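# Summary of structural features
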Amino acid sequence: MTEPEEAIRAALSSVVDPELGVGIIELGMLRDVRVDGGRAIVQLALTTIACPLRARIQDEIRSKVVAAHPGLEVGFEVVQMDASERSRAMKLARAKAAEAAPTTSIPAGSRVIAVASGKGGVGKSTITASLGVALARSGYTVGLLDADIWGFSLPKLLGVEARAAATGTAEEWRIEPIRVNVGPGELRVVSMGFLTEDKSSAIMWRGLVLNRAFQHFVEDTDWSEVDYLLIDMPPGTGDIQMGLARLLPHAGVLVVTTPHDNAGEVAMRMVDMARKGSLPVLGVVENMAYFVCEHGERHYVFGRGSTEDLCAQLSLPLLARIPLGSQEGRAEATLPERLDSDDPGDDLAAISALAQDLARTVAPIADMSGCTSRLADLERRMLSGRPGLS
Ligand SMILES: Nc1ncnc2c1ncn2[C@@H]1O[C@H](COP(=O)(O)OP(=O)(O)O)[C@@H](O)[C@H]1O
Ligand SMILES: [Mg+2]
């Protein structure tokens, strides 16, 4: 490499990919720099050739090159990374995001799963709450974070009427999740539904909470001891979705969709957003996939095949197909009650099976690092035959 080429490379070490937040050299995006006469050719490898931020990156490179070598004309050759280069870059971005992540009380070995969809009414809350109950029934301590701030539904689905308490001082406080015993395990739930309409604590922190509720639910809530933290996301691709990657870079995303027209398209946008935030997408769950009639036949009332197409297009596994459950008694019984009954229905049976799969494939990692209470806890779980711990 010639001296001017080296000087340009050095100048470009400060250029950061605006989306991934990591230097372009570190990411392997700067392939080559050549200076030929009065012209510098910069070869760039982008994660996708259609990168919407391409012009911005190029502008910044151009200004750095010109600052290092005034008078040089700057040209670009742009190529697309191959799958393994892209995966390496994403991994690096993820690791960087994790380093910069704010501190939470979530144990290092626990698993954070955000249940998301492009649109509302596809069954996110039902699936999140049922997965939580099913995992707790297997003995896990499961945090449930209701990130649907305005459309919260976990309290009702779980049949919990309670008021969450805040401990500490006005400056430094913590939300105590509502604890619900479920079989050998426990749910720890935080929802706006536990915070509103309360007169005594309202003055102290309701205002504080509303403003940045999701962040408070992540950072200022006592999530210690949880094996899983399941997040019931609001629909769409708004601020809370954007905050997810920043606040919880370890989260895996479970995408819920239905065979209805258009649901797949919006799910695709959701997946795109998760991937841009370097969040791993665990897979797709198709809800309301079919209805089993009294003769045991499957009826694909909302159509068939669109979710498989979506999965193929996005290279994602189809983790489960949840049938339509009977509407009978649905409004009266809570999810824990229904899951406790002998016949929870086709839908909840399928969600329970998904919970068992997740307990195997996305198992919490037991953290043995020196903490005796954790070791004692581990022993207790081993003795009670809890699955999924390695
Ligand atoms: N598999 C299913 N079978 C029957 N009804 C379902 C199923 N999944 C969800 N529902 C119903 O659909 C409605 C929307 O579900 P919900 O979980 O609130 O969706 P979201 O959180 O995505 O808005 C609720 O009335 C719920 O009981
Ligand atoms: Mg919901």
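## Details of the overall build of the chain
When helices and strands are counted, the chain shows 13 helices and 15 strands. Sequence separation of 24 or more characterises 76% of the internal contacts of the chain that already satisfy a separation of 6 or more.

## Quick look at the nonpolar core
In terms of nonpolar packing, the biggest core is built from 101 residues, with Ala114, Val115, Val253 and Val255 touching the most fellow members. Excluding residues that lie within four positions of it along the chain, Val115 makes contacts with Lys124, Ile127, Thr128, Leu230, Ile231, Asp232, Met233, Leu254 and Val256.

## Here's the deal with the pairing of strand E8 (residues 178-182)
One face of the sheet, then the other: side chains in a regular strand alternate in exactly this way. Residues Ile178, Val180 and Val182 line the buried face of E8, whereas the alternating positions Arg179 and Asn181 sit on a face that is not buried. When E8 meets strand E9 (residues 185-190), the two strands line up antiparallel, connected through 5 bridges. Within the sheet, the bridge partner assigned to Arg179 lies in E9 and is Arg188. Connecting E8 to the antiparallel partner E9 that follows it, the hairpin turn spans 2 residues, and Gly183 within it adopts a positive phi of roughly 50 degrees.

## Some words on the pairing of strand E12 (residues 281-287)
Most of E12 is tucked away, with 7 of its 7 residues classed as buried. Where E12 and strand E15 (residues 318-322) come together, 4 bridges link them in parallel fashion. Pairing of Val284 across the sheet is with Leu318, part of E15.

## Considering the site of ligand 1
Residues in close proximity to ligand 1 total 16 residues, the closest being Gly123, Lys124, Ser125, Thr126 and Asp347. For the shell around ligand 1, the element with the most residues is helix H4 (residues 124-137), which contributes 3 residues.

## Notes on the sheet that holds strand E3 (residues 73-80)
Taken together, the 3 strands give an open sheet; going across it, the order is E1-E2-E3, and neighbouring strands pair in mixed fashion. Each having just a single partner strand, strand E1 (30-36) and E3 make up the two edges of the open sheet. Shown here is a sheet whose adjacent strand axes are inclined to one another by a mean of 15 degrees, direction ignored.

## So, the sheet that holds strand E5 (residues 141-146)
If you walk across this open sheet you meet the 8 strands as E8-E9-E5-E10-E4-E11-E12-E15, and the pairing is mixed. The open sheet is flanked by E8 and E15, the only strands paired with a single partner. Here the average twist between neighbouring strands, direction ignored, is 20 degrees. Looking at chain direction, strand E11 (residues 252-257) and E12 are connected through 5 bridges and run parallel.

Analysis parameters
Residues numbered from 1 in each chain as written. Chains lettered and ligands numbered in written order. Predicted model: local features only at pLDDT ≥ 70, side-chain atom pairs only at ≥ 80, totals over all residues. Helix = DSSP H or I, 4+ residues; strand = E, 2+ residues; numbered from the N terminus. Contact = placed C-beta atoms within 7 Å. Core = buried A, V, L, I, M, F, W, Y, C linked by C-beta atoms within 7 Å. Buried ≥ 20, exposed ≤ 12 C-beta atoms within 10 Å, placed from the backbone. Pairing = 2+ DSSP bridges. Near = placed C-beta within 6 Å. Axes fitted to C-alpha atoms, helices over the stretch in contact; angles between N-to-C directions.

It is worth stressing that arrangement in space is one thing and function is another; only the former is reported here.
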